[in-house]
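Notes for the structure review
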Amino acid sequence: MNTTETVQDFYARLPHINPSGLSINNAGPGHFNVFTRSSCQHTTFYSRRDFYKVSLVIGTGRLHYADKWIEIDRPALLFSNPMIPYSWEAGSDEQEGWFCLFTEAFVHSQERKETLQDSPLFRVGGTPIFFIDEQQLEEISFLFKKMMREMNSDYVHKFDLLRNYMHAIIHEAMKMQPAENFEKPVNASSRITSLFLELLERQFPIDTPEAALQLKTANHFAENLSVHVNHLNRSVKEITGKTTTEHISARIVKEAIALLRHTDWNISQIAYSIGFEYPAYFNNFFKKQTGLTPGEARVIPV
């Protein structure tokens, strides 16, 4: 079953990496810790986490995130956030590097929120992997080594320093992204389209079959964005070339495929969780969109 792993769950799963039993608020506001990747399991389960992770991955493997997967065959930075479920399958016995994990309270304990909205940690729909060259590997390794030393120190302000090291790593990744990734909407249509796509994406991933999807139609989104549905439809079509309904349907199908592949929920549970009261309606919708029934999609690549 698809669940959300908490910091406490993480330490319960790997008790040897937290022998001193650090509290959930060990960093004052929020939690922070840093580890070598040699302490990690070679395979993790597909799930959301309620914490953030920044990992320097040295070793091969496969990352599954949302409904995608990517092969890691060279050093890479990996950013994980509470909105996206993921799992890791090691491809080699030798797994090196480091990772730090921290909660939202730790991130927002200083006035850095605006910058982080554009970062790999917070940006919705972005790629969580950044492959790095030898110079970048050396620089980022140096920062993680400083984190490890500082975490074990008695310096009274060490978490301020650790937060700065974390931000330095985030900014190194931000510099690797094309500048256009940070362009702001330049007109009303761009702005409303950006807000619509953000609101659409923030409904996912779905991690329980008990809570049904709330925003399922263009009218639902228009009401939440306080605009007329015709204005929303015109703006989205103008900017993206697709209708609002096409975007909603595509995202629902994407989530349905992820749930079919990565959970043991039955078809009725999946149908309900993505907004279909009756499984027959979901079956008809899914078949129209993909050419397969939900049952077929569980075993046949879509």
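One can find the structure itself at the top, above this paragraph.
So, how was this worked out
- Think of each chain on its own: its residues are numbered from 1, step by step along the sequence as written.
- Reporting in this predicted model follows two pLDDT cut-offs: at least 70 for local features of residues, and 80 or more for side-chain atom pairs to be given and counted; totals over whole chains, interfaces and linings ignore these cut-offs and use all residues.
- Note that the side-chain values use all heavy atoms of the structure and ignore hydrogens as well as water.
- The numbering of helices and of strands both runs from the N terminus, where a helix is a DSSP run of H or I of at least 4 residues and a strand a run of E of at least 2.
- Residue burial is assigned from relative accessible area. The probe radius is 1.4 Å, only protein chains are included, and a residue is buried under 20% of its type maximum, exposed over 50%, and partly exposed in between.
- Note on contacts: a residue pair is in contact if any heavy atoms of the two residues lie within 4.5 Å.
- By this definition, two strands are paired if DSSP reports at least two bridges between them.
- In this description, a line fitted to the C-alpha atoms serves as the axis of each element, helices being fitted only across the stretch in contact, and the angle between N-to-C directions of two axes falls anywhere from 0 to 180 degrees.
- Planes of paired rings set the category: under 30 degrees apart is stacked, over 60 is edge-to-face and the rest tilted, where pairs are Phe, Tyr or Trp rings (Trp by its six-membered ring) whose centres lie within 6.5 Å.
- For a ring to carry a charge above it, either NZ of a lysine or CZ of an arginine must fall within 6 Å of the ring centroid while also lying within 35 degrees of the normal to the ring plane.
- Within this analysis, patches are made of residues with over 30% relative accessible area and no salt bridge. Like charges are joined at 9 Å or less; nonpolar side chains (Val, Leu, Ile, Met, Phe, Trp, Tyr) at 5 Å or less.
- Accessibility throughout is a Shrake-Rupley quantity obtained with a 1.4 Å probe, and a residue counts as covered only by protein chains that appear here.
- Salt bridge, as applied in this entry: a Lys or Arg side-chain nitrogen positioned within 4 Å of an Asp or Glu carboxyl oxygen.
- Only four residue types enter the charge count, namely Lys and Arg as positive and Asp and Glu as negative; His and the chain termini do not.
- To locate a charge, take NZ of a lysine, CZ of an arginine, CG of an aspartate or CD of a glutamate.
- Grouping buried Ala, Val, Leu, Ile, Met, Phe, Trp, Tyr and Cys residues that are joined through side-chain atoms within 4.5 Å yields what is termed a nonpolar core.

Some words on the overall build of the protein chain
Each helix and strand in the protein chain was counted, giving 12 helices and 10 strands. Among the 302 residues that make up the protein chain, the fraction classed as buried is 45%. Across the protein chain, contacts joining residues at least 24 apart in sequence account for 73% of those joining residues at least 6 apart.

Concerning the environment of Leu56
On the secondary structure map, Leu56 appears in strand 4 (residues 52-58). Relative accessible area serves as the criterion here: at 0%, Leu56 is assigned to the buried category. Along the sequence, Leu56 and Phe79 sit 23 residues apart, while their C-alpha atoms lie 9.2 Å from each other. Apart from the residues within four sequence positions on either side, Leu56 is in contact with Arg37, Ala76, Leu77, Glu96, Gly97, Trp98, Ile132, Leu137, Ile140, Ser141 and Phe144.

Examining the sheet that holds strand 6 (residues 68-72)
Ordered by their spatial adjacency, three strands build an open sheet running 6-5-8, and the pairing between neighbours is antiparallel. Of all the strands in the sheet, the pair left with one neighbour each is strand 6 and strand 8 (86-90). Direction aside, the axes of adjacent strands within the sheet are offset by 15° on average. As defined by bridge partners, strand 5 (residues 61-65) adjoins strand 8 across five bridges and the pair is classed as antiparallel. Each residue of the ladder has a partner; that of His64, found in strand 8, is Ser87.

Looking at the environment of Gly275
Within the secondary structure layout, Gly275 lies in the loop between helix 10 (267-273) and helix 11 (279-290). As for Gly275 and Leu215, which are separated by 60 residues in sequence, their C-alpha atoms are 8.5 Å apart. Those residues within four positions of Gly275 in sequence are excluded, and the remaining contacts are Leu213 and Lys216.

Comments concerning the sheet that holds strand 9 (residues 96-102)
Read from one edge of the open sheet, five strands run 2-9-4-7-10, paired in antiparallel fashion. Every other strand in the sheet has two partners, leaving strand 2 (32-36) and strand 10 (129-131) as the edge strands with one partner each. Within the sheet, the average angular offset between the axes of one strand and its neighbour, ignoring direction, is 10°. Packed on one face of the sheet, helix 4 (residues 134-151) meets strand 2, strand 4, strand 7 (76-80), strand 9 and strand 10 and runs near 120° to strand 2. Its contacts with the sheet put helix 5 (residues 158-176) on strand 2, strand 4, strand 7, strand 9 and strand 10, and the angle it makes with strand 7 is roughly 110°.

Examining the packing of aromatic side chains
Counted under the stated rule, the structure contains 17 aromatic pairs. Here the aromatic rings of Tyr278 and Tyr281 are separated by 5.4 Å at their centres, their planes lie at 85°, and the arrangement is edge-to-face. Three or more aromatic residues joined by ring pairs make a cluster, and in this case those are Phe10, Tyr11, Phe35, Phe51 and Phe99. A cation sits over an aromatic face here: Arg62 above Trp69, 3.7 Å from the ring centre. It is Arg251 that lies over the ring of Phe204; its NZ or CZ is 4.2 Å from the centre.

What to know about a negative patch on the surface
Negative charge collects at one region of the surface, where Asp133, Glu134, Glu138 and Glu139 lie side by side. Mapped onto the elements of the fold, Glu139 is located in helix 4.

A few points about the nonpolar core
Counting 30 residues, the largest nonpolar core has Phe196, Leu232, Ile252, Ile274, Phe282 and Phe286 as its most contacted members. Looking at this core, the elements with two or more residues in it are helix 6 (188-201), helix 7 (218-225), helix 8 (229-240), helix 9 (244-262), helix 10 and helix 11. With seven residues, helix 9 is the single largest residue contributor to this core. When sequence neighbours within four positions are dropped, the list of residues in contact with Phe282 reads Ala256, Ile267, Ile270, Ala271, Ile274, Phe276 and Pro294.

Everything listed here is a matter of coordinates, which is why it stays silent on function.
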